[in-house]
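Residue-level listing of the chains:
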Amino acid sequence: MRGLAVFISDIRNCKSKAEIKRINKELANIRSKFKGDKALDGYSKKKYVCKLLFIFLLGHDIDFGHMEAVNLLSSNRYTEKQIGYLFISVLVNSNSELIRLINNAIKSDLASRNPTFMGLACTALPAWVAGDGRGACRRFPNPRRWYVSGGLLRARSPPHA
């Protein structure tokens, strides 16, 4: 992801006004790529979503790119799915209209037979539940059931006395 590394390097070398100008230029570029006629491959989506995360962590508001991040959750590639989960853990709140899609992706990964995908969902679930409060508890009423039924945890028999 050379483009991401170059962007971070540019931002580190900028002064305050130049940083804002560079960030706005990059946001315009990302927005045009997401709205473009040509469909982006997973690598490009991942790169642009990473840039959005970096810009958010610098303290700037991000008002687009959420759907692209949620689309990364349905990828079969670990790195794309990982960035999608990172994005929803950091940026998506409980008022988002994407809640249903995110919940379905988490449930799908928890129920999958791929332990790596199950692990990604398990690591995102606490942030998702903590950020959403009781709403997430209604959607995932018994998280232990998801862990056990997915095969992540094995029920142990009690020790014999």
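Residues numbered from 1 in each chain as written. Predicted model: local features only at pLDDT ≥ 70, side-chain atom pairs only at ≥ 80, totals over all residues. Heavy atoms only, no water.

Just so we agree on the cut-off: UniProt positions are given in the numbering used here, feature names are shortened, and annotations may be inferred rather than shown by experiment.
The protein chain has the name Clathrin/coatomer adaptor adaptin-like N-terminal domain-containing protein in an unreviewed UniProt entry, where Bos mutus grunniens is given as its organism. Taken from UniProt, the Subcellular location (unreviewed entry) comment for the protein chain reads in full: "Endomembrane system". We quote the UniProt Sequence similarities (unreviewed entry) comment for the protein chain here in full: "Belongs to the adaptor complexes large subunit family."

A short note on the packing of helix H2 (residues 16-35) against helix H3 (residues 42-57)
To be explicit about the condition: Inter-axis angles, ranging from 0 to 180 degrees, are taken between N-to-C directions of lines fitted to C-alpha atoms, where helices are fitted over the stretch in contact. Numbered from the N terminus, helices here are DSSP runs of H or I no shorter than four residues, and strands are runs of E no shorter than two. Left-handed describes a crossing whose near helix is turned anticlockwise from the far helix by less than a right angle; the clockwise case is right-handed. The contact definition used throughout considers only heavy atoms, calling two residues in contact when any of these lie within 4.5 Å. In this count, Pro and Cys sit with the nonpolar residues alongside Ala, Val, Leu, Ile, Met, Phe, Trp and Tyr, while Asp, Glu, Lys and Arg are called charged and the others, Gly among them, polar.
Two elements in contact, H2 and H3, have axes separated by 11 Å at closest approach and are oriented at 145 degrees. Regarding H2 and H3, the two cross each other, and that crossing is left-handed. Mapping the contact onto sequence places Ile23, Glu26, Leu27, Asn29, Ile30, Lys33 and Phe34 in H2 and Tyr48, Val49, Lys51, Leu52 and Ile55 in H3. Residue composition of the contact of H2 with H3, by class: 8 nonpolar, 1 polar and 3 charged.

Description of the side chain of glutamate 80
Selection rule: Remark: exposure states derive from per-residue accessible area (1.4 Å probe, protein chains only) relative to the maximum for the residue type, with buried under 20%, exposed over 50%, and partly exposed in between. Note on charges: Lys and Arg go in the positive column, Asp and Glu in the negative column, and His and the chain ends are not counted at all. Any Lys or Arg side-chain nitrogen located within 4 Å of an Asp or Glu carboxyl oxygen qualifies as a salt bridge. Two N or O atoms form a polar contact when they lie within 3.5 Å of each other; inside protein one atom must be a possible hydrogen donor and the other a possible acceptor, and for residues adjacent in sequence the pair counts only when both atoms belong to side chains.
Counting through the fold element by element, glutamate 80 comes out in helix H5 (residues 78-90). One buried charge, glutamate 80, has no salt-bridge partner; the nearest side chain with opposite charge is arginine 77, at 4.4 Å. A distance of 2.6 Å separates a polar atom in the side chain of glutamate 80 from a polar atom in the side chain of serine 75. If near-sequence neighbours (up to four positions away) are discounted, glutamate 80 is found in contact with Gly42, Tyr43, Lys46, Leu72 and Ser75.

Observations regarding the packing of aromatic side chains
Cut-off, in case you're wondering: Geometry of aromatic contacts follows a simple scheme: Phe, Tyr and Trp rings, the Trp one being its six-membered ring, pair when their centres are within 6.5 Å, and the pair is stacked under 30 degrees between planes, edge-to-face over 60, tilted otherwise. The criterion for a charge sitting over a ring is simple: Lys NZ or Arg CZ within 6 Å of the ring centre, and within 35 degrees of the ring normal.
A complete count under the given rule lists 3 aromatic pairs for this structure. Ring geometry for phenylalanine 34 and tyrosine 48: centres 6.1 Å apart, planes at 85 degrees, overall edge-to-face. With phenylalanine 34 in helix H2 and tyrosine 48 in helix H3, this residue pair connects regions lying 14 residues apart in the sequence. Comparing phenylalanine 34 with tyrosine 48 shows no difference in burial state: the two are buried. Look at phenylalanine 34 and phenylalanine 64: their rings are 6.3 Å apart centre to centre, the planes differ by 70 degrees, and that puts the pair in the edge-to-face class. With phenylalanine 34 in helix H2 and phenylalanine 64 in the loop between H3 and helix H4 (66-73), the pair connects residues that are 30 residues apart, well separated along the chain. Chaining the aromatic ring pairs together yields one cluster made of Phe34, Tyr48 and Phe64. A cation over an aromatic ring shows up here: lysine 81 above the ring of phenylalanine 117, its NZ or CZ 4.6 Å from the ring centre.

Description of the nonpolar core
Looking at soluble globular proteins, one finds that nonpolar side chains tend to be buried together. Using the following cut-off: What makes a nonpolar core is a set of buried Ala, Val, Leu, Ile, Met, Phe, Trp, Tyr and Cys residues whose side-chain atoms join them at distances within 4.5 Å.
With 38 residues, the main nonpolar core has Leu52, Tyr85, Phe87, Ile88, Ile102 and Ile106 as its most contacted residues. For this core, the elements supplying multiple residues, two or more each, are helix H1 (2-13), H2, H3, H4, H5, helix H6 (99-111) and helix H7 (115-132). The element that contributes the greatest number of residues to this core is H3, accounting for 7 residues.

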